[in-house]
Amino acid sequence: MVYKLNDAFLEKKQQIENFIENFDTSGEIFIKGNRNTIKLFKLDNLTLNVKSFKEPNLINKIAYRYFRKSKAQRSFEYANFLLKNDIGTPKPVGFFENSSLLGLKDSYYVSEHLQCDLTYRELVETDYPDAENILRQFTQFTFSMHEKGIEFLDHSPGNTLIIKGEHGKYDFYLVDLNRMKFHEKMDFEIRMKNLSKITPKEGMVAIMSNEYAKLSGIDEEKVFATMWNFTKDFQYRFYRKKRIKKRLKFWKKH
């Protein structure tokens, strides 16, 4: 087993390794997905969040073993990078990988579990109190990330955890970190496209556009038109893909 732990957890290596080795039979299920599973484990006074990535196909087994960093390793390294750049994410603990000569078998990313008040998804799906204030602060958070050249490719509703602070302030934390790009300087279109998966609601896009225009000094009409066009394009492609999958399932059955 290959592993890397942050220094603060080196003395707890054996316990954490036990969580990994007994992942299938221990821990509390937090998310059971089609691809990945997340379980919670108690480590002294901490709750650890352990994400088990689905075993890759043969090509990716070889790629992740010999040519590319695994999703677990990227998640760990990107989390450390985000924190160094004052971008919120649950504190990274480490990653573990099991491999053979044929390639990567299974991999795990471990972080401290963060109890949040809501995710961005609640803003999209409910009439959440103080929503406009949260949207504007989220836009400030994203703008700061863009100014630092960080393009979070999975910038979608379920991947931003939100914690309510005092005096109307909110803190934002990114999760599902294994896909990112880094730029010396992000151009305008990349910035707007990066916000295209956040919400299908035109009113929310209008609020974010207004705030982003204030922060960037770019004309608000241009910000809104560009962000909204990218949003509509993403929604069209997203639902077209769902329709194709539905048809394929129908054809397989008949």
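Just above, that's the structure.
Overview of the structure. (Residues numbered from 1 in each chain as written. Predicted model: local features only at pLDDT ≥ 70, side-chain atom pairs only at ≥ 80, totals over all residues. Heavy atoms only, no water.)

### A few points about the nonpolar core
Argument step 1. The biggest cluster of nonpolar side chains holds 41 residues, and the ones touching the most others in it are Tyr120, Leu123, Phe138, Leu174 and Leu177.
Argument step 2. Elements represented by at least two residues in this core include exactly helix H3 (71–84), helix H4 (120–125), helix H5 (131–147), strand E8 (150–152), strand E10 (170–174), helix H6 (188–194), helix H7 (202–216) and helix H8 (220–253).
Argument step 3. The residues touching Leu123, leaving out its near neighbours within four places in the chain, are Leu118, Tyr128, Ala131, Ile134, Leu135, Ile162 and Met204.
Argument step 4. Residues Phe19, Phe23, Leu48 and Tyr108 belong to the second largest nonpolar core, which totals 14 residues. (Core = buried A, V, L, I, M, F, W, Y, C linked by side-chain atoms within 4.5 Å. Buried < 20%, exposed > 50% of the residue type's maximum accessible area, 1.4 Å probe, protein only. Helix = DSSP H or I, 4+ residues; strand = E, 2+ residues; numbered from the N terminus. Contact = heavy atoms within 4.5 Å.)

### What to know about unusual backbone geometry
Argument step 1. Of note in this structure, His167 is not a glycine but carries a positive phi near 60°.
Argument step 2. Summarising the element assignment, His167 is placed in the loop between strand E9 (160–164) and E10.
Argument step 3. Overall, the relative accessible area of 78% leaves His167 in the exposed class.
Argument step 4. We note that Asp176 has phi near 60°; this positive angle belongs to a residue other than glycine.
Argument step 5. Among the structural elements, Asp176 can be located in the loop between E10 and strand E11 (180–182).

### Quick look at the side chain of Ser70
Argument step 1. Following the sequence through the fold, Ser70 ends up in the loop between helix H2 (58–66) and H3.
Argument step 2. Overall, Ser70 belongs to the buried group, its relative accessible area being 0%.

### Quick word on the pairing of E9
Argument step 1. Of all 5 residues making up E9, 4 are buried, and the element is well covered by its neighbours.
Argument step 2. Two strands pair when backbone bridges link them, and strand E7 (residues 118–119) and E9 are joined in this way by 2 bridges, in the antiparallel orientation. Bridge pairing in E9 places Thr119 opposite Leu161.
Argument step 3. Summarising the sheet, E9 and E10 pair through 5 bridges and their orientation is antiparallel. Within E10, the position partnered with Ile163 by the bridge is Asp171.
Argument step 4. Here E9 hands over to E10 after 5 residues, with His167 in that stretch at a positive phi of 60°. (Pairing = 2+ DSSP bridges.)

### Quick look at the pairing of strand E4 (residues 46–53)
Argument step 1. Burial analysis of E4 places 6 of its 8 residues in the buried class, the great majority of the element.
Argument step 2. Summarising the sheet, strand E3 (residues 37–43) and E4 pair through 7 bridges and their orientation is antiparallel. If you follow Phe41 over to E4, its bridge partner there is Leu48.
Argument step 3. The turn linking E3 back onto E4 is made up of 2 residues, and Asp44 within it adopts a positive phi angle of 55°.

### A few points about a nonpolar patch on the surface
Argument step 1. On the surface, a nonpolar cluster with roughly 610 Å² of combined accessible area is contributed by Leu58, Ile62, Tyr66, Phe67 and Leu101.
Argument step 2. Checked against the element boundaries, Leu58 lands in helix H2. (Patch = residues over 30% accessible without salt bridge, like charges linked within 9 Å, V, L, I, M, F, W, Y side chains within 5 Å. Areas by Shrake-Rupley, 256 points an atom, 1.4 Å probe, with all protein chains shown as cover. Salt bridge = Lys/Arg side-chain N within 4 Å of Asp/Glu carboxyl O.)

### With respect to the side chain of Glu211
Argument step 1. Here Glu211 shows up in helix H7.
Argument step 2. Judged by relative accessible area, Glu211 falls into the buried class, the value being 8%.

### Points about the sheet that holds E9
Argument step 1. Across the sheet, which stays open at both edges, the 3 strands sit in the order E7-E9-E10 with antiparallel pairing between neighbours. Strands at the two margins of the open sheet, each flanked by one partner only, are E7 and E10.
Argument step 2. Across the sheet, H5 lies against E9 and E10, angled at about 50° from E10, the strand it touches most. (Axes fitted to C-alpha atoms, helices over the stretch in contact; angles between N-to-C directions.)

### Describing the sheet that holds strand E6 (residues 103–112)
Argument step 1. In spatial order, the strands read E1-E5-E6-E4-E3-E2; together these 6 strands make up an open sheet with antiparallel pairing. Here the strands that pair on one side only, and so sit at the sheet edges, are strand E1 (2–5) and strand E2 (28–32). Ignoring strand direction, the axes of neighbouring strands in this sheet form an average angle of 20°.
Argument step 2. Relative to E6, E4 runs antiparallel, the two sharing 6 bridges.

### Some words on the packing of aromatic side chains
Argument step 1. Taken as a whole and assessed by the stated rule, the structure comprises 14 aromatic pairs.
Argument step 2. Pairing Tyr3 with Phe96 gives two aromatic rings, centres 5.8 Å apart and planes at 20°, and the pair type is stacked. Placement of the pair is Tyr3 in strand E1 and Phe96 in strand E5 (residues 92–100), with a sequence separation of 93 residues.
Argument step 3. Residue classification places Phe96 among the buried residues on the basis of a relative accessible area of 0%.
Argument step 4. Ring plane angle 50° and centroid distance 4.7 Å describe the contact between Tyr120 and Phe138, whose orientation is recorded as tilted. (Phe/Tyr/Trp six-rings, centres within 6.5 Å; stacked < 30°, edge-to-face > 60°.)

### Quick word on H7
Argument step 1. Taking 1.5 Å of rise per residue, 15 residues should cover 21 Å, and H7 covers 20 Å from first to last C-alpha, within 8% of that figure.
Argument step 2. Taken residue by residue, H7 has Met204, Val205, Ile207, Met208, Ser209, Asn210, Glu211, Tyr212 and Ala213 as its buried positions.
Argument step 3. Gly217 occupies a position one or two residues after H7 and carries a positive phi of about 80°. (Expected span 1.5 Å × (residues − 1).)

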